Amino acid sequence: MSHPGADEILSWYQRLPDASHRRAIFHLLECEPCRQRTLAALAAAEALDGEHEVEPPPGYPPPPPPFSPDPPFPAFDFKSVFGRTVARAEDEQRHAEALRREVLAQPAARREVLVTNSRRFASLPLAEHLLDASRQVAPRDPGEAEALARLALVVLARTDSAFHGERLLADLSGRAWCHAAEARRRRGDLAGADECFRQAGELLEGSGDPAERAAFFHRFAFLRRDELRHLEAQDLLERAAGLYAESEDGERQGSVLADLGAMLLDRGHLDEALPVLLEALRLIDPLSDPLTAVRLRQSLAFAFADGGEMDQAAWMLAEVERLGAVDPCTALRTTWLAGRVAAGTDRPDEAEERFHAARRGFRDTGCLYEALQVAMDLALLYVRQQRRTDLKALADELAPLAFSPQLHPGAMTALIGFLQAAEHDLATAASAARVTRSLRELGRL
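Cut-offs and rules
- Residues numbered from 1 in each chain as written.
- Predicted model: local features only at pLDDT ≥ 70, side-chain atom pairs only at ≥ 80, totals over all residues.
- Heavy atoms only, no water.
- Helix = DSSP H or I, 4+ residues; strand = E, 2+ residues; numbered from the N terminus.
- Buried < 20%, exposed > 50% of the residue type's maximum accessible area, 1.4 Å probe, protein only.
- Areas by Shrake-Rupley, 256 points an atom, 1.4 Å probe, with all protein chains shown as cover.
- Contact = heavy atoms within 4.5 Å.
- Core = buried A, V, L, I, M, F, W, Y, C linked by side-chain atoms within 4.5 Å.
- Phe/Tyr/Trp six-rings, centres within 6.5 Å; stacked < 30°, edge-to-face > 60°.
- Lys NZ or Arg CZ within 6 Å of the ring centre and 35° of its normal.
- Salt bridge = Lys/Arg side-chain N within 4 Å of Asp/Glu carboxyl O.
- Polar contact = N/O pair within 3.5 Å; in protein donor to acceptor, adjacent residues only side chain to side chain.
- Axes fitted to C-alpha atoms, helices over the stretch in contact; angles between N-to-C directions.
- Parallel < 35°, antiparallel > 145°, perpendicular 65-115°, else oblique.
- Left-handed = near helix turned anticlockwise from the far one by under 90°.
- Nonpolar A, V, L, I, M, F, W, Y, C, P; charged D, E, K, R; others polar.

1. A short note on the overall build of the chain
Right, on to step 1. Looking only at helices and strands, one finds 22 helices and 0 strands in the chain.
Right, on to step 2. Per-residue burial for the chain yields a buried fraction of 43% across its 445 residues.
Right, on to step 3. Working note: accessible area of the chain is about 23400 Å², and carbon and sulfur atoms make up 54% of it.

This is the structure:
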């Protein structure tokens, strides 16, 4: 038999009936005892099939192979060869959701005790469920997200590596460390996040799964951005997008490109950002990823507004409004964007109203950087209209925020300088733009 090509193997693999069979194949390839048992069983079956065959005379040409429209791989009865492996994998998958509910119903302090003291919780699917829960809760509760990621690590440490394979457990452990790192980054613990990413990188270094490595690069890029290591962040995002492209995963590639375009836009690289964002627009389906689709269109609208292309910005704003708000933050960004478009199309009253609404919303939800950026757009509007009294009143409101520990020192310096200029009627459009640029480029602490 000739060796099958990669395309034939992939075609056969995709025809497997469900995830449990695919998991069994990976186990069979990684586990030496199971591989030997399977080869022995198949050899015995081949020998039995050939007992009653009549050998042709010497020199007689062999018969042609029978025609079959199917791939050159015979049907394989997994359950008869290693049925217990498949049954165990199916059983773990079936009980994982109930185990997750049981664990999360406990107080946080009791969860690790529970999973450590009972073999029932030594389940790879349970670890996957905990990591999904960690990802979902991260934006609103980073502390809980890290706790769930570390709980997943405890579960994985007790999971049967002989059954699931060392490589798969290492990949999932690397993913768990990525979740812990992201949670620490969101809390402002950049050194702690860097250490967690180091652990993840060591575990994923030998991974054969491009999606796991791409996800690691994607998350790691945000830490490098927050550390103001912009070129490293850009390189990591480009590597992640490349891996997703090689895997033909257009949705995830588009998500990475959307983040890369937004990062370039924040740094003022408009000419580089636009083609990246437009490529992401081609790849992302609003039906499968509505949040990324809305944020991407918002980034494009802001990019057009920054470049003075207000007709295009207005068209993209209409697209954002057509898709609708996915969460409160995107709704506030849409209000802010509408103010930018109104300001750029000679509707100052509407712009002022939208800026006030967006600034209040961001302030009330604790989004300091966004609130300050909207305030700078409002200040720019006042400067252009020469409304010095309103500008001074706005500066008085912003003064307490100028010394917030959340502000990067560079952004703080630029903001204080603008407020002092406003107090002495010396504020200009250029000085307001400098504050906005500092807020966008320097990121968050």
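After presenting the structure, the write-up continues.
2. Notes on unusual backbone geometry
For residues that are not glycine, phi is negative in most cases, and the peptide bond is trans in most cases.
Right, on to step 1. Positive phi, normally seen in glycine, also occurs at Glu248, with a value near 60°.
Right, on to step 2. In this structure, Glu248 sits in the loop between α12 (230-246) and α13 (250-266).
Right, on to step 3. For Asp425, which is not glycine, the phi dihedral falls at a positive 60°.
Right, on to step 4. Looking at where Asp425 falls in the secondary structure, it is placed in the loop between α21 (409-423) and α22 (429-442).
Right, on to step 5. Residue Asp425 is classed as partly exposed on the basis of its relative accessible area, which comes to 41%.

3. Remarks on the environment of Arg111
Right, on to step 1. Relative to the helices and strands, Arg111 resides in helix α5 (residues 108-117).
Right, on to step 2. Note: C-alpha distance between Arg111 and Ala147 (36 residues apart in sequence) is 9.7 Å.
Right, on to step 3. Contacts of Arg111, omitting those with residues within four sequence positions, involve Val103, Leu104, Gln106, Glu144, Leu148 and Leu151.

4. Observations regarding the nonpolar core
Right, on to step 1. In terms of nonpolar packing, the biggest core is built from 116 residues, with Phe216, Met376, Leu391, Leu407, Leu415, Phe418 and Leu439 touching the most fellow members.
Right, on to step 2. If you tally residues by element for this core, the top one is helix α19 (residues 368-384), at 13 residues.
Right, on to step 3. Once you skip the residues sitting within four places of it in the chain, Phe216 turns out to touch Cys178, Phe197, Ala200, Gly201 and Leu204.

5. Notes on the side chain of Ser255
Right, on to step 1. Summarising the element assignment, Ser255 is placed in helix α13.
Right, on to step 2. Judged by relative accessible area, which is 16%, Ser255 ranks as buried.
Right, on to step 3. If we ignore the near neighbours within four places in the chain, the residues touching Ser255 are His218, Ile284 and Thr292.

6. Focus: the packing of aromatic side chains
Describing an aromatic ring pair means giving the distance of the ring centres and the angle of the ring planes.
Right, on to step 1. Scanning the model with the defined rule gives 6 aromatic pairs in all.
Right, on to step 2. Members of the aromatic cluster, joined through ring pairs, are Phe197, Phe216, Phe217 and Phe220.
Right, on to step 3. Positioned above the aromatic ring of Phe217, the side-chain terminus of Arg239 is 4.2 Å from the ring centre.

7. Some details on the pattern of salt bridges
Right, on to step 1. Under the criterion given, the structure shown has 38 salt bridges.
Right, on to step 2. Taking the shortest distance from any N to any O, the salt bridge between Glu146 and Arg150 comes out at 3.0 Å. Taken together, the residues span about one helical turn, with Glu146 and Arg150 both in helix α7 (residues 142-157) at a distance of 4 residues.
Right, on to step 3. Glu146 sits in the buried class, given a relative accessible area of 7%.
Right, on to step 4. The salt bridge involving Glu227 is made with Arg229; its shortest N-O contact spans 3.4 Å.

8. Here we look at the environment of Thr292
Right, on to step 1. On the secondary structure map, Thr292 appears in helix α15 (residues 290-306).
Right, on to step 2. Among the residues examined, Thr292 registers a relative accessible area of 16% and is labelled buried.
Right, on to step 3. On a C-alpha basis, the gap between Thr292 and Asp259 in space is 9.2 Å, while along the polypeptide they are 33 residues apart.
Right, on to step 4. Once residues lying within four places of it in the same chain are set aside, the contact partners of Thr292 are Ser255, Ala258 and Ile284.
Right, on to step 5. Within the structure, the side chain of Thr292 is placed 2.8 Å from the side chain of Asp289, a separation counted as a polar contact.

9. Details of the packing of α19 against α22
Right, on to step 1. Two elements in contact, α19 and α22, have axes separated by 9 Å at closest approach and are oriented at 165°. By the angle class used here, α19 and α22 are roughly antiparallel. When you trace α19 past α22, the crossing you get is left-handed. Contacts between α19 and α22 involve Tyr369, Leu372, Gln373, Met376, Leu380 and Val383 from the first element and Ala429, Ala432, Val435, Thr436, Leu439 and Arg440 from the second.
Right, on to step 2. A per-class count over the contact of α19 with α22 returns 9 nonpolar, 2 polar and 1 charged.

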